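Per-entry structural report
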Amino acid sequence: MKVLILGASGFIGLPVAQAFVRAGHIVYGQTRSAEKAKLLAAEEIIPVVADVKDTEAYLPLGATLDAVIDAIGGADIKETSAQILAATAAAVQAHRPSLAPKLAYIWTSGTWIHGEDRTTVVSDGTAPGRAPALTAWRPEQEQRVLTNPHVDGLVIRPSLLYGRSGSLFAPFFARAQRERVVAWPGTPGGRLALIHCDDLAELYVLAAERAAIARGRIFDGSNDVNESTDAFLQRLVEVSGAQGPYQYYEPTNLFEKALTTTTVIRPYLGRALLGWRPRKAGLLDHLDIYYKAWQASEGSSV
């Protein structure tokens, strides 16, 4: 396969691109940075240096691609996601041979879309709930991807990522190290829906390889079991050497409000349809390893 990863130097995009390379595919990776392009090349990923909004710089590749993976982030992700999908559909019509199979298009959403519910078990097939304000726009974009007539659209919803450089946990690791304080927005009793970045990357590979049967589907990328927020915070106190007890505080922005979301997820579709199985240890079990990995990525002492 030939695959283009948008946001290939990001926390989701880089492990995804590396996983496609390991699976034997030809991988193009979009990045805005010439410096990060060198890092991609070292990983056997063909760099495409362009702003993600400059779709004319990379979408002509769509004539020969098998899949496009949208793994972008940023403050303007709502508008950019819609723009890229529309531009991809137009590029397919302009450049792709009429007898070629449809281009697989995988869009990255998130399990926060299920909303806050500490009792009801949800899965891939559950309709979106009352999502936090930060992600309330995502259900409409999911449907645009799934119903676009010019691509084989799929949606992957990652849960809260951990591993490697820390992802959304990085600022909390940093505060624990720098200030010796462990604090989390919200109230006690919450649970974390989680997925290691490497396990998530494997889900993207399987979905792209089997797009002919996976098209039109939504896959929750989450471990089988949610983990206690309280237990995570206590363990972080222990592995970081911070002064306990851990604390909760009132969220100060939309991102922190989203972090308070508890959703009890038991995904099944990736396992049933794609044979996907998360393999990495949970956040709690190997938090000492994950914390040291974050330190190493930051150049800190381990």
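Conventions and cut-offs
- Here, residues in each chain are numbered from 1, in the same order as that chain's written sequence.
- Predicted model: local features are reported for residues with pLDDT of at least 70 only, side-chain atom pairs are reported and counted for 80 or more only, and whole-chain, interface and lining totals are derived from all residues.
- Each side-chain value is derived from all of the structure's non-hydrogen atoms; neither hydrogens nor water enter the calculation.
- By definition, any uninterrupted DSSP run of H or I lasting at least four residues is a helix, any uninterrupted run of E lasting at least two residues is a strand, and each is numbered from the N terminus.
- The contact criterion used is simple: two residues touch if any of their non-hydrogen atoms lie within 4.5 Å.
- In this charge count, Lys and Arg are treated as positive and Asp and Glu as negative; neither His nor the chain ends contribute.
- In plain terms, the charge of a residue is placed at NZ if it is Lys, CZ if Arg, CG if Asp and CD if Glu.
- Burial status follows relative accessibility: with a 1.4 Å probe on protein chains alone, a residue under 20% of its type maximum counts as buried, one over 50% as exposed, and anything between as partly exposed.
- Centres within 6.5 Å are what make two rings of Phe, Tyr or Trp a pair, Trp counting through its six-membered ring; a difference in plane orientation under 30 degrees is then read as stacked, over 60 as edge-to-face, and the rest as tilted.
- Two strands are counted as paired when DSSP detects at least two bridges linking them.
- Angular values range over 0 to 180 degrees, each being the angle between N-to-C directions of two axes fitted as lines to C-alpha atoms, with helices fitted over their stretch in contact.
- We define the nonpolar core as a collection of buried residues of types Ala, Val, Leu, Ile, Met, Phe, Trp, Tyr and Cys that are connected through side-chain atoms lying within 4.5 Å of one another.
- To estimate the expected span of a helix, subtract one from its residue number and multiply by 1.5 Å.
- Directions pointing from the helix axis toward each C-beta atom define the arc.
- We count a salt bridge whenever a side-chain nitrogen from Lys or Arg sits within 4 Å of a carboxyl oxygen from Asp or Glu.
- An angle below 35 degrees is read as roughly parallel, one above 145 as roughly antiparallel, one from 65 to 115 as roughly perpendicular, and any other as oblique.
- Ten residues, namely Ala, Val, Leu, Ile, Met, Phe, Trp, Tyr, Cys and Pro, are considered nonpolar, four, namely Asp, Glu, Lys and Arg, are considered charged, and the remaining ones, Gly among them, are considered polar.

For the rest of this paragraph, the subject is the overall build of the chain. Per the secondary structure count, the chain includes 11 helices and 15 strands. Principal-axis analysis of the C-alpha atoms places the extent of the chain at approximately 65 × 40 × 35 Å. Considering only residue pairs separated by 6 or more positions, the chain has 76% of its internal contacts joining residues 24 or more positions apart. Taking the average location of the 30 positive side-chain charges in the chain and that of its 31 negative ones, the two points are 2 Å from each other.

Moving on, we get to the environment of A100. Following the sequence through the fold, A100 ends up in the loop between α3 (77-95) and β5 (103-108). For A100, a relative accessible area of 27% translates into the label partly exposed. Through-space distance from the C-alpha of A100 to that of A63 is 8.6 Å; in sequence the pair is 37 residues apart.

Turning to the packing of aromatic side chains, a few remarks are in order. Given two aromatic rings, one states the distance between the centres and the angle between the planes to describe the pair. Across all of its chains, the model carries 11 aromatic pairs by this definition. With centroids separated by 5.8 Å and ring planes inclined at 65°, the aromatic side chains of F173 and W294 adopt a geometry described as edge-to-face. With F173 in helix α5 (residues 170-179) and W294 in helix α11 (residues 287-298), the pair connects residues that are 121 residues apart, well separated along the chain. Just as F173 is buried, W294 falls in that class too. A centroid spacing of 6.1 Å and a plane angle of 85° characterise the contact between Y246 and Y248, whose relative ring orientation is edge-to-face. What makes Y248 partly exposed here is its relative accessible area of 21%. One aromatic cluster is present, built from ring pairs that chain together F169, F172, F173, W184, F232, Y291 and W294.

What follows is about the sheet that holds strand β3 (residues 46-49). With parallel pairing, seven strands are arranged side by side in an open sheet as β3-β2-β1-β4-β5-β7-β12. At either margin of the open sheet sits one strand with a lone partner, and together these are β3 and β12 (218-221). Mean inter-strand twist for the sheet, computed between neighbouring axes without regard to direction, equals 20°. Sheet analysis places strand β1 (residues 2-6) next to strand β2 (residues 26-31), joined by five bridges and oriented parallel. For L4, the partnering residue across the bridge sits in β2 and is Y28.

Once that is clear, we can look at the nonpolar core. Ranked by internal contacts, the top residues of the largest apolar core, which has 36 residues, are I5, F20 and Y204. The element that contributes the greatest number of residues to this core is helix α6 (residues 197-209), accounting for nine residues. When residues no more than four places from it in sequence are discounted, the contact partners of F20 are V3, I5, H25, V27, I69, Y204, V205 and A208.

Okay, α11 next. A rise of 1.5 Å per residue sets the reference length of α11, with its 12 residues, at 16 Å; its end C-alpha atoms lie 16 Å apart and thus fit the reference within 8%. Taken together, the buried positions of α11 are L287, Y290, Y291, W294 and Q295. Across the axial projection of α11, the buried residues extend over an arc of 145°, all falling on one side. Where the residues of α11 are buried, they touch β8 (160-162), α5, β11 (194-196) and α8 (229-240). G299 occupies a position one or two residues after α11 and carries a positive phi of about 80°.

Attention shifts here to the pattern of salt bridges. Taken as a whole and assessed by the stated rule, the structure comprises 12 salt bridges. Between K53 and D76 there is a salt bridge, and its shortest N-O distance comes to 2.5 Å. With a gap of 23 residues between them, K53 in the loop between β3 and β4 (67-70) and D76 in the loop between β4 and α3 connect regions that are remote in the sequence.

All buried positions along helix α4 (residues 138-147) are accounted for by R138, Q141, E142, V145 and L146. Take α4 and look down its axis: the buried residues cluster within an arc of 135°, on one side only. In α4, those exposed residues whose orientation departs by more than 90 degrees from the buried face are E140 and T147. On its buried face, α4 is in contact with α3, β5, β7 (151-158) and β12.

Now for the environment of W184. Summarising the element assignment, W184 is placed in strand β9 (residues 183-185). C-alpha separation for the pair W184 and S167, spaced 17 residues apart in sequence, amounts to 15 Å. Each residue touching W184, except ones within four places of it in the same chain, is listed here: L160, F169, F172, L192, T229, F232, L233, Q247, Y248, Y249 and L259.

Before going further, it helps to spend a moment on the packing of α3 against α4. With their axes 11 Å apart at the nearest point, α3 and α4 run at an angle of 10° to one another. Viewed along their axes, α3 and α4 adopt a mutual orientation that is roughly parallel. Taken together, the residues of α4 that come into contact with α3 (itself represented by I77, S81, A82 and L85) are R138, Q141, R144 and V145. The residue makeup of the contact of α3 with α4, split by class, is four nonpolar, two polar and two charged.

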